[in-house]
Each structure stands twice: as C-alpha cells, then as structure tokens.
Amino acid sequence: MIKPVSNIIEAKLRECLPESVFRELTNSYLEEPRGRHFGIEGLLLTPDNTNDVARIVRICSEHNIGIVPYGGGTGLVGGQIMPDGPKPVILSLERMNMVRDVWLSENIMIAEAGVILKDIQDLADSSERIFPLSLASEGSARIGGNLATNAGGVNVVRYGNTRDLCLGIEAVLPDGRIFNGLSRLRKDNTGYDLNNLFIGSEGTLGIITAASLKLFPKPKNEASAFFVVKDPRAAIELFSLCRDRLGTDLSAFELISCVGLQFLKEVGPDVILPFSYEPQWMVLLDVGCHQGTLSQEVLEVLFEDAYDRDLVMDGVISQSIQQRDDFWKVRESIPEANHRTGAISSSDLSVPIGMIPEFISRAEQRLSEIGEFRINCFGHVGDGNIHYNVFPLPGESRSDRDHDRKKVKKILYDIVSNMDGSFSAEHGIGRLKTNELSLYSDPTKLALMKSIKGALDPKGIMNPGVILKIE
Amino acid sequence: MKVIVPVKRVIDYNVKVRVKADGSGVDLTNVKMSMNPFDEIAVEEAIRLREAEKVTEVIAVSIGVKQNQETLRTALAMGADRAILVIASEDVHQDIEPLTVAKLLKEIATEEAANLVLCGKQAIDNDMNATGQMLSALLGWSQATFASELNIEAKNAVVTREVDGGLQSIKVSLPSVITVDLRLNQPRYASLPNIMKAKRKQLDEKVPSDYGVDLTARLSIINTREPETRKAGVKVASVDELLVKLKEEAGVI
Ligand SMILES: Cc1cc2nc3c(=O)[nH]c(=O)nc-3n(C[C@H](O)[C@H](O)[C@H](O)COP(=O)(O)OP(=O)(O)OC[C@H]3O[C@@H](n4cnc5c(N)ncnc54)[C@H](O)[C@@H]3O)c2cc1C
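In this report, we go over the structure that sits alongside the text. (Residues numbered from 1 in each chain as written. Chains lettered and ligands numbered in written order. Predicted model: local features only at pLDDT ≥ 70, side-chain atom pairs only at ≥ 80, totals over all residues.)

**Comments concerning the interface of chain A and chain B**
When the parts of a complex come together, some accessible area is lost, and that lost area is often taken as the interface size. Facing the 16 residues of chain A at the interface are 16 residues of chain B. Residue classes in the side of chain A that touches chain B are distributed as seven nonpolar, six polar and three charged. (Contact = placed C-beta atoms within 7 Å. Nonpolar A, V, L, I, M, F, W, Y, C, P; charged D, E, K, R; others polar.)

Written out as structure tokens, the structure reads:
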C-alpha cells in the first residue's frame, strides 16, 4: 500500500539531503498544458545530482511513498501530475541541468535529465551539429521528460523518435540502485536492451537522470515549403514521391487542414498565413541537404514533378531563414489555436501510412452519423501519425457537447484498432489513457508489462497510476 | 508606366555574422544569402501597383555576382515581369559602392524609359542608406524616402514617411525615386507555380561596360570588427545590494 509523505518522512529526507533540495511547491507543478486536470499537493524535491536522487528514492521505497517524476511539465497525458491518492513526493529534475560531456568527433552529448530540450539543440547548433528532436514544447520540456515519454515531434520522418536518438541512459531504480547505461557505444549486443525499457516508461520503472544522446551533422542548407494538395490521398502519394526523390533529405512532412487555418484566423496566435485563401489541405515540407545540393532547388523540382502528376495545385517556398521560421510558426501555433477554440476530444493516433486517407474519410463519415462537428485533423502524416481534434460548432461551447466525448473517442479508437493502428502514437498513456490501454491492448502484451512493472517496482511507488492502473 | 526595383543579395538577416580574421570584412563563404528585406518590400509594392493597374511592368534589377540570379528569380517568383542582372564582380565579398550602383541604375532607368524606381531604404549588410538618394540626384528626379504608405496618382506620388515623432505626408511629382520602409507592406511568398513560370521569364545578363560605368572604388574599408560582447549580468537579492553594487562596483552613483 502506498502511504502519504508525512512530516516524519520529510524530516528523514532533510537529514540526508542539502537544504537546496527542498523548494516551495507552486501551482505550476500541479497543472498541465491543457488546463483540464490538476494534481494534488506533494512534497517537492529538486535534487541536483544522481546520488541525491538515489537517496530520495531509497527512503521513499523504505516507507512506501509514491514518487511523481517531473520534467518540464509539458506532457499531454497527465503523467506528471497525480490527481488523487496519498500525498506523493514530486521529484523535479530541473536542477540536474548539466551537460556532462560532449564528444564532437563521435557526435555524442551526455546530458542530465533536467536540461531543457532547446538548450540541447542550441548547444549542438553552436558546434555545427544538430540534436534533431523538435516539438512545439521544446522551450520548456526537459530531455528526461522527452525520454520518459519517447517523444516524437516533427523530425521523426528523418531521424526517428527520442528512442532512436539515445545511446543509453542512467537511471535510479525504484529501490534506489543506480543503473549506469550511459554508453558511447553504437554497437553493444550484450543481452536485453535495458535502456529501451526505461525510455517510454513514463516514470513508472525508475527515474532517468542522464542520457547519452546522438548528435547529427547539420544540413548545409535547409528550406521549407507549403504544397497545396487536393486531399489526404494526394498528400500520401506526394509523401511517397518525396521518399523516392529526396531519400533522407526530407526532414519533415506535416499535414494541415483548412480548419486549422480558420482557427488561427478566428482566435490566433497571430501568424502570417501562406496563401491569400485557405486551402482545404496542405502539406508543410522541410528539406535539409548536405554538400552540393540546394534545398530550394530540390523543392522546386519536386513541385514540378508533383504538379505534372496532378498531386499539387499550388505552393510557396521559403526564400530566407525568416520565411522558413514563419512557415513553421503556422504549424506550431495550431495546437494553441486548438486550445483556444476548445476541443470536445483530441486524439493522437497512428495507422499504417497508406491507410491515412481511408482513416480520415471513415472517421468523418462515422462522426457525421452522431452529430455535426468541426474537425481539425493535422500532424505528422509522414509517420502515419495524426492529431485528430473534434470541436463544437461555432456558437457552441465545449461543455455543450460534453456528452459526445465518449462516443467520439470510441468511434475513433475503434476505427484505429480495426486498422491495426495506435490510439496513442507519441504522447503516451499517462493517467488519462489507462482505460484505453487495457481495452485495446493484446492481453499477452498487458501481462508482460505487468510482470516487468512487478519485477522492477514491486511496491508500486514509481508514478502510481501511470500506464497500468493501480490494482 | 514601368517601374524599376533594384534588389540586393545580402547575408541572410538571421545568420550570425562572422567577421573575417584579418578584419577585411564579413565572412560570406558558405553563408545563407537572401534578398535584402527592404527590397522584398519594394518588390511587393511594385507588384501591387501593377495589380492595381497603376504600372504596366515591373523590372527587377540586381548588381553583383552571378549568383544574384537566385535573388532575381525570387523577385520573378513573387511576380516581377522580367529581370536584369549586371555582373559586376566575381567575388561575393566585394561590395559595389552606392554611387556605382546608382550610376548603373540611372543608365538602366533611362534605357528602359521607366518612370518610377522603388527601392529599399537601405541594405542590411552595410546600412549605407544612400543609393536611392544618389540615384534621384543623378536622374534629376524627385525623391521620397522611408515610405510607409504610397499612393500613385496621375502625375504625382503621395508618400507617407516615418519621421522622428510621427508621420509626414508629402507629394512628389513623377518620375520619382521612392525608398521604402519596413511597415509599407507584408511581402508575399514566392509561389511555386510562379517559380515554374519564372524559369521562362526573361533574365538579361549585362556587365558594367555595357552601360559605360567604371567600377573603380572610391571608398576603402579600413577595418571591420565585432561589437564588444556584453558582459554577463548578475542577479541581486535586494535593492540595498543593488545600491551597493552601483556605488562601489559600477561607480555610477
Ligand atoms: C505545445 C505542445 C506540443 C507538443 N508536441 C509534441 C509532439 O509533437 N510530439 C510529442 O511526442 N509530444 C509532444 N508534446 C508532449 C511531449 O510529451 C512533452 O512535450 C515532452 O516530451 C515531455 O517532457 P517534459 O519534460 O515536459 O515531461 P513532463 O511533462 O514533466 O513529464 C512527462 C512524463 O514523463 C515523466 N518524467 C519526466 N521526467 C522524467 C525523468 N527524468 N525520469 C522518469 N520519468 C520522467 C513524468 O512523470 C511524466 O509521466 C507536446 C506538448 C505540448 C505542450
């Protein structure tokens, strides 16, 4: 049984930890980006080294205290806040923010879990390298949180998920032992891959304290373009043409619908819209070439080719770094515009890439049978990943349509499940999707996950209620 | 009425500028180059004038190296009708000075029988803010600088200028040289269908001797150096501490 953290436990912690570890809890640690869920108060601890993390975990383990690991607080599935249960320790990695080592010739950086993603990107950039993980929350999210959620983002098409960008981790286990997997090896087939067990485990198996990250050469020149396509099917055909023509020079391939652009017009944020009209569907492409080839030319040739095949109708291409940033601002402002508009339901789904058009038309069809909605469907289609957000009609509010939420989710998840897709492509399970996990997962998979959790965290103190429900 | 829009290829506004070790200038090797942002605004304004049927033809002109073709293609893709490139150097590091550029533009404006030159108020690389003014003097045309609003009438142009402390409206007679400021408009993006068409648009290549203009430089750069880096700040815990620091360390009170 998990117990609340009491004054006595706090006194024990104070005995073996420096004063600076104890910080006053503010509301920001109890809120999540969408403002829909709130955590209960806990004892906030901010250790600045791995040994102190281990000390904390050991004491919590001895006394059956629940621990909620906390990174940048940008997670979208409620993993970093605990809405009920015994008062937990909130363990924030914010002060573990050192870059321990950089091996430029090996393209490796070893960073502690609390380093903000943007700082990692900037540091890599200053050495003519890139760390390619890129998401709209990069200014606040911390690398430990990215690893814990195996975050995706816009460059997965080219570089893979966070998992693919990591050579190994250091983690504190639920009994306080330290697992040192901080490897510089690119090849190491010596048994089970424990690093990848922790990556994506959302703080339920241990606390990631540092990671060995892969850097990549920085493309010599980069350009972005918006291509207007007739429908999602044309977008997918365009994607496969890109793959043929550009190979790995294609860094991002994002679908944007006219509804997203309408939201931006209606509620902001203020951005420069690329066309004087709102295309029904468009794709944002990003290309980064190395020596010799010019990204702009590559995009121009691609456009001509796609134009001849009737896949694209119109397009614009960035001519300066400013314009490229402005293009991406459009894409990155869509989640905020969605938030301001207020969705009935937002889902992060994936299906095999080729089935995206069918998914979109089926979902629209099935939803129209239960009512009228505004649908903003957009996202990382190059990874088969779409953010499918369902909104009330203009004039209605979210709460007017509360009764539709469950129905909408069921319709979408059923379709996805029929297509062998995923009801959570990149955001994880957290505390918000545990029901779906038990409903839609293969029983063998669930049983294996329970065995692993039981073996590593028999007392169930690590992030209670995340991924697997408390039994 | 024809309008000439000069466009300069400059170091991209968002690139971190590196000064060459010998202090002779800015290092442009393998650096992203783009159209001078003020020139983009001038191109946009010219295209809008043509769309409003106030002018009949927009001619983009660039003076510099062969690669300025790319900059002209951008202007064509935005909607300029044709382009003229004057190849005046083989080295991207060589800046053609304002008076030389103005002389070349004068010959081109005369040859094209243009009635209006719309140019950026300055180039962001050397911040000279001189070419438009010199050109107006050489042509003997009126000039209006720092335009934030522009209305072309039958024989005049009404220009709102951003001046210290407010806006000034002036009326100048055509032909005229008008230099544009940041707030005049939001330039459109280069459209890909236009880029396809732009490949078929006319881009004439010339050299300065075609216009009888001598390139000999009158200005010489003595030294280029980075601005002093700002020292990192410190955080103080209280007003008292601030006062002590201002008094004892900074010595300003
Ligand atoms: C505007 C916006 C856009 C986003 N876009 C994307 C996107 O494109 N792709 C995508 O994948 N995600 C996206 N996200 C969500 C993404 O998961 C998070 O941004 C990020 O990966 C989480 O990092 P964080 O440091 O904020 O973690 P937190 O929110 O603090 O924590 C997330 C989870 O990880 C656990 N955790 C945190 N740190 C550790 C640690 N050191 N050890 C163990 N467990 C830990 C927490 O307990 C929690 O369960 C977006 C979020 C926002 C707000």
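**Observations regarding the site of the ligand**
Residues and elements named next belong to chain A. Around the ligand there are 37 residues in total, and Gly71, Gly75, Gly79, Gly144 and Gly145 lie nearest to it. At five residues, helix H4 (residues 143-149) tops the list of elements feeding residues into the shell around the ligand. Residues belonging to the shell around the ligand are distributed by class as follows: 16 nonpolar, 18 polar and three charged. (Near = placed C-beta within 6 Å. Helix = DSSP H or I, 4+ residues; strand = E, 2+ residues; numbered from the N terminus.)

**Topic: the sheet that holds strand S9 (residues 166-173) of chain B**
Residues and elements named next belong to chain B. With mixed pairing, the nine strands of this open sheet are ordered in space as S9-S8-S7-S10-S6-S1-S4-S5-S12. Every interior strand has two partners, whereas the edge strands, S9 and strand S12 (203-206), have only one. Each strand of the sheet is rotated relative to its neighbour by a mean of 35°, with strand direction disregarded. Taken together, the five bridges between strand S7 (residues 142-152) and strand S8 (residues 156-163) define a ladder with antiparallel strand orientation. By the bridge assignment for S8, Glu149 is matched with Thr160. (Pairing = 2+ DSSP bridges. Axes fitted to C-alpha atoms, helices over the stretch in contact; angles between N-to-C directions.)

**A few points about the sheet that holds strand S5 (residues 108-112) of chain A**
Residues and elements named next belong to chain A. Judged by pairing direction, the sheet is antiparallel, and its five strands sit side by side in the order S4-S5-S9-S7-S8 without closing on themselves. In this open sheet, the two strands that pair with only one neighbour each are strand S4 (99-103) and strand S8 (178-180). On average, each strand axis in the sheet is tilted by 15° relative to the strand beside it, whichever way the strands run. Bridge count for S5 against strand S9 (residues 207-214) is five bridges, and the pairing is antiparallel. Considered in S9, the bridge of Ile110 is made with Ser212.

**Focus: the pairing of strand S13 (residues 281-289) of chain A**
Residue and element names in this part refer to chain A. Burial runs high along S13: eight of the nine residues are buried. Here strand S12 (residues 250-257) pairs with S13 via seven bridges, running antiparallel. Counterpart to Glu254 in the pairing with S13 is Leu284. (Buried ≥ 20, exposed ≤ 12 C-beta atoms within 10 Å, placed from the backbone.)

**Topic: helix H2 (residues 68-78) of chain B**
Structural remark: α-helix, 3.6 residues per turn; residues separated by three or four positions point the same way. Residues and elements named next belong to chain B. H2 sits mainly inside the fold: nine of its eleven residues count as buried. Of the positions making up H2, those classed as buried are Asn68, Thr71, Leu72, Arg73, Thr74, Ala75, Leu76, Ala77 and Met78. Of the residues flanking the end of H2, it is Gly79, one or two places downstream, whose phi is positive at about 140°.

**Quick word on helix H3 (residues 117-126) of chain A**
Residue and element names in this part refer to chain A. Considered for burial, the residues of H3 that qualify are Leu117, Ile120 and Ala124. One face of H3 carries all of its buried residues, which in axial projection span an arc of 60°. Away from the buried face of H3 by more than 90 degrees, exposed residues Asp122 and Ser126 are located. Considering only its buried residues, H3 is in contact with S5, strand S6 (129-130) and H4. A positive backbone phi angle near 60° is found at Glu128, which sits one or two residues after H3. (Arc of directions from axis to C-beta.)

**Things to note about unusual backbone geometry**
Phi is mostly negative for residues that are not glycine, and the peptide bonds are mostly trans. Note that the residue after Gly268(A), namely Pro269(A), is joined by a cis bond; omega there is -5°. With respect to the helices and strands, the residue Pro269(A) is situated in the loop between helix H8 (258-267) and S13. Between Leu174(B) and Pro175(B) the backbone carries a cis peptide bond, its omega angle lying at 0°. Here Pro175(B) lies in the loop between S9 and strand S10 (176-180). The phi angle at Asn150(A) is positive, at roughly 45°, despite the residue not being glycine. With a phi angle near 65°, Ile467(A) is a residue other than glycine that sits in the positive phi range. Assignment of secondary structure puts Ile467(A) in the segment after helix H14 (443-456).

**Points about the packing of helix H1 (residues 7-16) of chain A against helix H2 (residues 50-62) of chain A**
Residue and element names in this part refer to chain A. Where H1 contacts H2, the two axes come as close as 10 Å, and the packing angle between them is 150°. By the angle class used here, H1 and H2 are roughly antiparallel. Our pair here, H1 against H2, has a crossing hand that is right-handed. The segment H1 lies against H2, with Ile9, Lys12, Leu13 and Cys16 engaging Arg55, Ile56 and Ile59. Of the residues that constitute the contact of H1 with H2, the class distribution is five nonpolar, no polar and two charged. (Parallel < 35°, antiparallel > 145°, perpendicular 65-115°, else oblique. Left-handed = near helix turned anticlockwise from the far one by under 90°.)

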